[in-house]
Each structure stands twice: as structure tokens, then as C-alpha cells.
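What follows is each chain in one-letter form.
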Number of protein chains: 2
Amino acid sequence: MSKLLNEISRYVRQVLEDAEISNKAPSYLIVRNAFADLIASEVISRDEKLPSERLLHETIGVSRSTLREALALLEAEGLLHRMDRRGWFVSAARVEYEPATLEGFHTFVGRQGHIPRTEVLDQQLVPVNEHTSQIFSAPRRGKLYLIKRRRYIDERPVVVEHIYLDPRRFPKLLEHNLNGSLSAVLEKTYGVRTTNADVTMYPSVLSGAVATQLHVSPSTPSLYISRVCRSKDQVVTEYNENFWHYSAIKLKLAVVRTRD
Amino acid sequence: MSKLLNEISRYVRQVLEDAEISNKAPSYLIVRNAFADLIASEVISRDEKLPSERLLHETIGVSRSTLREALALLEAEGLLHRMDRRGWFVSAARVEYEPATLEGFHTFVGRQGHIPRTEVLDQQLVPVNEHTSQIFSAPRRGKLYLIKRRRYIDERPVVVEHIYLDPRRFPKLLEHNLNGSLSAVLEKTYGVRTTNADVTMYPSVLSGAVATQLHVSPSTPSLYISRVCRSKDQVVTEYNENFWHYSAIKLKLAVVRTRD
DNA sequence: TAGTGGTCTAGACCACAGA
DNA sequence: CTGTGGTCTAGACCACTAG
């Protein structure tokens, strides 16, 4: 869209010019701010693709590196995201995720007016390693199911999930349809229900395979969330690791003091 | 330390060479992996400063940009951090933070064997804005205390905190010593106790003033955590925003299903 | 096939930190 | 004062996406 390019470059050049007089901020920050303005005022719409980097940097009048630095910053803030070799896109508003509710992906995404989808990438039986054997209190020679799923919000892939389960507890699990709610399958077929969990989260970057599966470049910032889920008897039901494209979510938590 | 430089460059060049034969991964990823190895095997120790970028990129044999890209990646993963214009440092292991416990900074940092410190940067009375007036249900013309504090783990500045409180509820608050636990002051002096809170968190980047206060460059990745704290009667006791240098922490959460 | 984003290079200047 | 990290430029090639 040549019209969009014009609007962007006109505004960004304007801001750069103003800044030259008064400001001592680096160009990439000024460019970042200008883009942030354009996104906020919806000159560039949600989910819209930006013009190509070369068109942008030439019409704006900064080097391609500087432009990319500004865009990477907006990516780190969750305002933009990239799809590998496909370009830059304005991110939709973050969906609220409450890990404390044990609420499923389809539930909370749907409730907020978005369309969820889950897709199984791979399912197999893998040997336990040091880490998983400890979590499951499983014997060293045992095996675990490993299910890898990719999940979408409004058809944008936002998270890859690795789920480990004990085949002794869930025999023939892989014969079921795992494209929906896993906890529903565990409950209906096996009568097992997760009642509590230990959650660990920290920001990181998406590495190799996961980056590819989410169609992003391998250095994309991410949010790592892992959960050890247990049933009422405190036996581990599943262990899962979620690699979130972090511009997609915002975490919420309702805290109540229980201890004194 | 010329010895450190030698060890680093020897290993990284070795890995790059090996990769040239077999691998198709980009150089900056190979360099990243090599540094990650060196950190994991403690060839470079926790908290140690890396040799200068120029020394590194020359002896390793990649351009300075490529080297910086690798280092920035490690920063985004929390393995390295920068102090503005002071260089790159290996980050200490993340401290575990459990926002759900309402436990104070000094408590959880101390319990994990680290030394916490809090420092008031600024304290003032500010007019309410649209956002804070809504949170406090405060009248439009009212004022709020705004306290800005910087907190350290082992003398490394890791978080800047903005705390809003209602002066009608806590008169003369600013006359107290606020370099310790604020909740202790609220409880002992005013008999007010926070019993529950709503927490929102998402990764972002540190902007202007906060970046300066943490001695990092303005594009450093961060974790934003805000909390609306309430007492038993559901009246807001304080509203605070925390800007974390995110390599410093790892979030933990114990979840129990309450509904259904 | 044309043009894109991803990667990479070899410079340069500046403001600031540390000696 | 010296050397550092922070910023910025003007190129280049490649693998891939989109048409």
C-alpha cells in the first residue's frame, strides 16, 4: 500500500526533524516513538503488515540497521511481531492469561472474543531423562508420552506446548484426539483431574525448532511457562512447557494471603 | 584479563570452525552457543565482566555487529546483562519470586541467600490521573503519594518500583523511613494490612528514566509487574508498578483449583 | 522470478567511564 | 586522557516467500 508508506514516512520524517532541533535521543528511539504513535493512533491498524524494510528506511532517511533496531524494540515491547521472512506486523492487543485458574486455552481465549485453535505437531514415547524422572518420580528406564502442540489465536500461532504424561497412568492416550482440551480427555477417559500445579515462568527467547514452528526468527523474545500439574492425591498428572510468543499474552493473577 | 580473552576466543573460534564444516546455523547463533557453553562450564564466572567488544570480535574473527547480536541474544535470555557503558557481565542465577505470597522483597531475597537493599529515589505528592483515580476510586482533584524506589540484589540494581498511596489513608507517610519494608510501616503505624492483590505482568523493555536508574541502556528487556493491593475490606491500600531487570528473577506460582 | 527479510561486514563518530 | 560501549552508515550476499 503506497498510501500507508506515505503516511508513515511523512510522520516519521517529521518527528525526526523536530527531534534534531530539540532532542538528544538516538534516532532509533525517535523512530520507535514515531511508530508507537502511528500504532496508537491506528494509522497502522492491528494485524496490518508494514511496508518493506527497504522502502521504509529509504523514505524515512535512516539506515536499514537503525530502522531494524527501532522495529526490534517495538517487537520486544510486544507492539510489533515478525513472521519469518514475511515481514513486520502490528500485534493485536495481548490476551489475558490467568495461570492460577487452571483454565484451558480454548476457554480463556474464547471468552475474550478470539478464536483459539490447537494442532498436534508430534506425539511420541520418549525415554525419561534426569529432569522428567525427578518430576514424575519415574524409574530411569521408563518412558513418557511427549506431545507437542501448536496453538493459535485468531489463526496466528502464538505458543508451542510440550506435554509429558505417564503412559502407565494414561494407557493408549495417543489414540485419542488431542486437538482439543487435554484435561477434558484425562478427566472423561481416565477420571483424572488436575487440582493444583506448580508454575514457573520467565522471559527468554525462542530457540531453533520452536521458533521455526511459530514461523519466527530464532532470536524472537518469548515467555517460558512450565507447569507441574497434580491431582488431588498429589500425584503428577502432567508436566508441560509452554513457549509463548510473548506479545500475545499478558499475565493476570488474583492473590489472596493465606498464611499469616 | 588476557587469560580470559584467550580462553574465550580459542573456544569460540574452534566452535565456529567446526560449524563451518557441518552446520548451516548463522554465526551469531554459533557465537551465542559458544558463550552459553563457556558460561555453563564456568570458564566465565558469575558476575564476571567480559573483555571489551573490540578485543572479542577481533580475536574471534566476526564483525562487531555480529558479536553484539550474539551478546544481545544472551541478554534476552537472561544469561548476560549490560551496565550502561560499563560492559557485559555474566548474570547470577535468577532469584525466585512468588508474587502470590505477598512476601516482601527483603524476605524472599534474603531467604535465598542474597543481600537485598532498598533505596528511595524520590517521594512526592502527585495529582491523580485517569488511571490512578480509577484504581483508588479517588476524586479527580485529589492527590496521591508517589514513592519511587530502587532495589538491589547483592548490590546489583534490579528493579525500580513506583508506589502510589492515598494520603487520606496514610497521613504523614513520607515522614517515615521508607528504605525498608513498606508493608511493615503501613501495618505498624496505620494498622493497615494488605490481604489480597490483583497482579498483571508482561515482558517489555525499560524506558528512559527507569533505564537510567538501573544503569542500563534504554532498550534493555524487562518484566513489568503491577499490583493493586487491597485490605480485607477490599479498599485499595497501595498500587505499585515494578520494572524488573528481568534476568534477575524467575516467577513461581503455586496454583490450587478453587472453583468447581 | 523478483523482491523480501535475515545475516554479515568494515568502517565511523560520539559521549561517557575509569584510570 | 584513553578506550569503552552506544549509535549509525552504506553497502553486500543468500535463502526464502510471494506472485
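See the structure shown above.
None of the values given here were measured: they were computed from a predicted structure.

Draft legend 1. View of the packing of helix α2 (residues 27-40) of chain A against helix α4 (residues 64-76) of chain A. All names here are of chain A. It is the contact of α2 with α4, at a shortest axis distance of 8 Å, that shows an interaxial angle of 55°. When the axis of α2 is compared with that of α4, the two are oblique. As for the relative orientation of α2 and α4, their crossing is right-handed in sense. For the pair α2 and α4, contact is made by Ser27, Tyr28, Leu29, Val31, Arg32, Phe35 and Ala36 and by Thr66, Leu67, Glu69, Ala70, Leu71, Leu73 and Leu74, respectively. Split into classes, the residues belonging to the contact of α2 with α4 amount to 10 nonpolar, 2 polar and 2 charged.

Draft legend 2. A look at the relation of the copies chain B and chain A. Laying chain B over chain A is done by rotating through 180° and shifting 0.1 Å along the axis; what remains is an RMSD of 0.1 Å. Taken together, the rotation angle and the small translation identify this as a two-fold axis. Minimal C-alpha separation from the rotation axis in chain B is found for B:Pro203, amounting to 3.4 Å. Both copies share a contact surface, since 97% of the interface residues of chain B are interface residues in chain A too.

Draft legend 3. Layout of the protein's contact with DNA strand D. Around DNA strand D, 20 residues are found, and the nearest of them are A:Ser27, A:Thr66, A:Arg86, B:Arg54 and B:Arg64. Atoms of DNA strand D within 4 Å of the protein belong to the sugar or the phosphate in 66% of instances, the rest to bases. The contact in question runs from a phosphate oxygen of DNA strand D to an N or O atom on the side chain of A:Thr66, over 2.7 Å. Interatomic distance of 2.7 Å between a side-chain N/O atom of B:Arg64 and a base nitrogen of DNA strand D. Secondary-structure elements contributing two or more residues to the surface near DNA strand D are α2 and α4 of chain A together with α3 (53-60) and α4 (64-76) of chain B. Broken down by element, the surface near DNA strand D gets its largest block of residues, 3 residues, from α4(A). For the surface near DNA strand D, the per-class residue count stands at 3 nonpolar, 6 polar and 11 charged.

Draft legend 4. Looking closely at the protein's contact with DNA strand C. Surrounding DNA strand C, one finds 20 residues, the nearest of these being A:Arg54, A:Arg64, B:Ser27, B:Ser63 and B:Thr66. Put simply, 66% of the atoms of DNA strand C that lie within 4 Å of the protein are in sugar or phosphate. Within the side chain of A:Arg64, one N or O atom sits 2.7 Å away from a base nitrogen of DNA strand C. Note that a phosphate oxygen of DNA strand C is positioned 2.8 Å from one of the side-chain N or O atoms of A:Arg68.

Draft legend 5. Quick look at helix α3 (residues 53-60) of chain A. Residue and element names in this part refer to chain A. Buried within α3 are the following residues: Glu53, Leu56, His57 and Ile60. One side of α3 holds all its buried residues, which, seen down the axis, span an arc of 90°. Residue Gly61 follows α3 closely and has a positive phi angle near 95°.

Draft legend 6. Spotlight on the environment of A:Ala100. With respect to the helices and strands, A:Ala100 occurs in the loop between β3 (95-97) and α5 (105-111). Linking A:Ala100 and A:Leu4, residues 96 residues apart in sequence, is a C-alpha distance of 42 Å. Ignoring anything within four residues of it in the chain, the contact list for A:Ala100 reads A:Leu253, B:Val255 and B:Val256.

Draft legend 7. Examining unusual backbone geometry more closely. Positive phi outside glycine occurs at A:Leu102, with the angle close to 60°. Within the fold, A:Leu102 resides in the loop between β3 and α5.

Conventions adopted
- The residue numbering used here restarts from 1 in each chain and proceeds along that chain's sequence as written.
- Chains and ligands are labelled sequentially in the order written, the chains with letters from A and the ligands with numbers from 1.
- The model is predicted, so local features are restricted to residues of pLDDT at least 70 and side-chain atom pairs to those at 80 or more, both for listing and for counting; the totals for chains, interfaces and linings are taken over all residues.
- Only hydrogens and water are set aside when side-chain values are computed; all heavy atoms of the structure are taken into account.
- All axes here are fitted lines through C-alpha atoms, helices being fitted over the stretch that makes contact, and every angle between N-to-C directions spans 0 to 180 degrees.
- Helix and strand definitions follow DSSP, with helices as H or I runs of at least four residues and strands as E runs of at least two, each counted in order from the N terminus.
- The labels follow the angle: roughly parallel below 35 degrees, roughly antiparallel above 145, roughly perpendicular from 65 to 115, and oblique for the rest.
- Helix crossings fall into two classes, left-handed where the near helix is turned counterclockwise from the far one by less than a right angle and right-handed where it is turned clockwise.
- Residue contacts are defined here by distance: any two heavy atoms, one from each residue, within 4.5 Å place the two residues in contact.
- When residue character is reported, Ala, Val, Leu, Ile, Met, Phe, Trp, Tyr, Cys and Pro are called nonpolar, Asp, Glu, Lys and Arg charged, and the others, Gly included, polar.
- A least-squares fit on C-alpha atoms brings the copies together, and the residues used are those whose pLDDT is at least 70 in both copies.
- Definition of nearness: a residue and a molecule or strand are near each other if at least one heavy atom of the residue lies within 4 Å of the molecule or strand.
- Distance and chemistry together define a polar contact, namely a pair of N or O atoms within 3.5 Å, with one atom able to donate a hydrogen and the other to accept it when in protein, and with adjacent residues in sequence counting only for side-chain atoms on both sides.
- Only protein chains enter the accessibility calculation, which uses a 1.4 Å probe. A residue is then buried if its area is under 20% of the maximum for its type, exposed if over 50%, and partly exposed in between.
- Along the arc lie the directions from the helix axis toward the C-beta atoms.

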